[in-house]
Amino acid sequence: MNRTTRDRDEEGRARNARPRDGLGRPLPHGAEGVARQPEGVVRTPDETLREAQRLLDAGMPFHAHEVFEDAWKSGPEAERDLWQGLAQLAVGLTHAARGNREGGARLLRRGADRLTSACEGPGHESAYGIDVGGLVAWARELADRVEAIGTEVDAAAEAPRLRRTGA
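Here's a quick rundown of the structure. As the structure is a computational prediction, the values presented were derived from the model and not from experiment. (Residues numbered from 1 in each chain as written. Predicted model: local features only at pLDDT ≥ 70, side-chain atom pairs only at ≥ 80, totals over all residues. Heavy atoms only, no water.)

### Description of the pattern of salt bridges
Tallied over the entire structure, the rule returns 12 salt bridges. We note a salt bridge from R50 to D46, for which the minimum N-O separation is 2.2 Å. Here D46 and R50 lie together in helix α1 (residues 45-57), a separation of four residues that amounts to about one turn. Residue class for D46 comes out partly exposed when judged on its relative accessible area of 32%. The residue E141 makes a salt bridge to R145 at a minimum N-O spacing of 2.8 Å. Linking E141 with R145, this pair stays in helix α5 (residues 132-149), spanning four residues, or about one helical turn. With a relative accessible area of 39%, E141 lands in the partly exposed category. Relative accessible area serves as the criterion here: at 27%, R145 is assigned to the partly exposed category. (Salt bridge = Lys/Arg side-chain N within 4 Å of Asp/Glu carboxyl O. Helix = DSSP H or I, 4+ residues; strand = E, 2+ residues; numbered from the N terminus. Buried < 20%, exposed > 50% of the residue type's maximum accessible area, 1.4 Å probe, protein only.)

In structure tokens:
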């Protein structure tokens, strides 16, 4: 595509303005798409987890990834790996749902590893009620299954629980 006809944001940066489906895949201009997540929203950790869970449950892990991305960009540096790990899990589920088994499995494992290292040490396991152990187990099991079956998965049916029950 010619540089002069690319979609641009207000600051002139390239930005794909095409509508997207629930898994974040670009659709043709003029097609009916899913509303995109606004960028740069500052949320509390509780709001981040609630919104991301809603999107995961709706089968929209790509959009949940964008919520986690906002958290890592706006939150304290000490929590960056936590939010990046959660974002990688959401992107891994996105790729698995799109049928990209290798990329999905790789990102699920990378997110599980990052989440594990981010939550090492006393007190981190209970950060914001996040079920770190459950998410790590879910991600590794799904990565193994995605590689074994070699087909796309249902993102809504595979959506993980971000928080421990009662948290």
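### Re the nonpolar core
Ranked by internal contacts, the top residues of the largest apolar core, which has 39 residues, are F68, L82, W83, L86, L115 and L162. Looking at this core, the elements that each hand over two or more residues are α1, α2 (61-74), α3 (80-98), α4 (101-118) and α5. Beyond its immediate sequence surroundings of up to four residues, L82 is in contact with L115, A118, C119, Y128 and I130. (Core = buried A, V, L, I, M, F, W, Y, C linked by side-chain atoms within 4.5 Å. Contact = heavy atoms within 4.5 Å.)

### Describing empty space enclosed by the protein
Tallying each qualifying case throughout the model produces one cavity of 30 Å³ or more. In this structure, the largest cavity spans a volume of roughly 40 Å³. Lining the largest cavity we find L56, L86, L89, A90, L135, W138, P160 and L162. Here the lining of the largest cavity is composed, by residue class, of eight nonpolar, no polar and no charged. (1 Å grid on protein atoms, 1.4 Å probe; cavity = no way out; pocket = protein on both sides within 12 Å on 5 of 7 lines; lining within 4 Å. Points joined across faces, edges and corners; volume = space filled by probe spheres on them. Nonpolar A, V, L, I, M, F, W, Y, C, P; charged D, E, K, R; others polar.)

### Some details on the side chain of Q84
When you line up the elements, Q84 lands in helix α3. For Q84, a relative accessible area of 12% gives the class buried. At 2.2 Å, the side chain of Q84 forms a polar contact with the side chain of R114. With sequence-adjacent residues up to four places away left out, Q84 is seen in contact with W72 and R114. (Polar contact = N/O pair within 3.5 Å; in protein donor to acceptor, adjacent residues only side chain to side chain.)

### Side note on the packing of aromatic side chains
Tallied over the entire structure, the rule returns two aromatic pairs. The interplanar angle of 25° and the centroid separation of 6.0 Å between the aromatic rings of W83 and Y128 together place this pair among those described as stacked. Here W83, found in helix α3, pairs with Y128, found in the loop between α4 and α5; they are 45 residues apart in sequence, far enough to count as distant. Look at Y128 and you get partly exposed, because its relative accessible area is 33%. Members of the aromatic cluster, connected to one another through ring pairs, are F68, W83 and Y128. (Phe/Tyr/Trp six-rings, centres within 6.5 Å; stacked < 30°, edge-to-face > 60°.)

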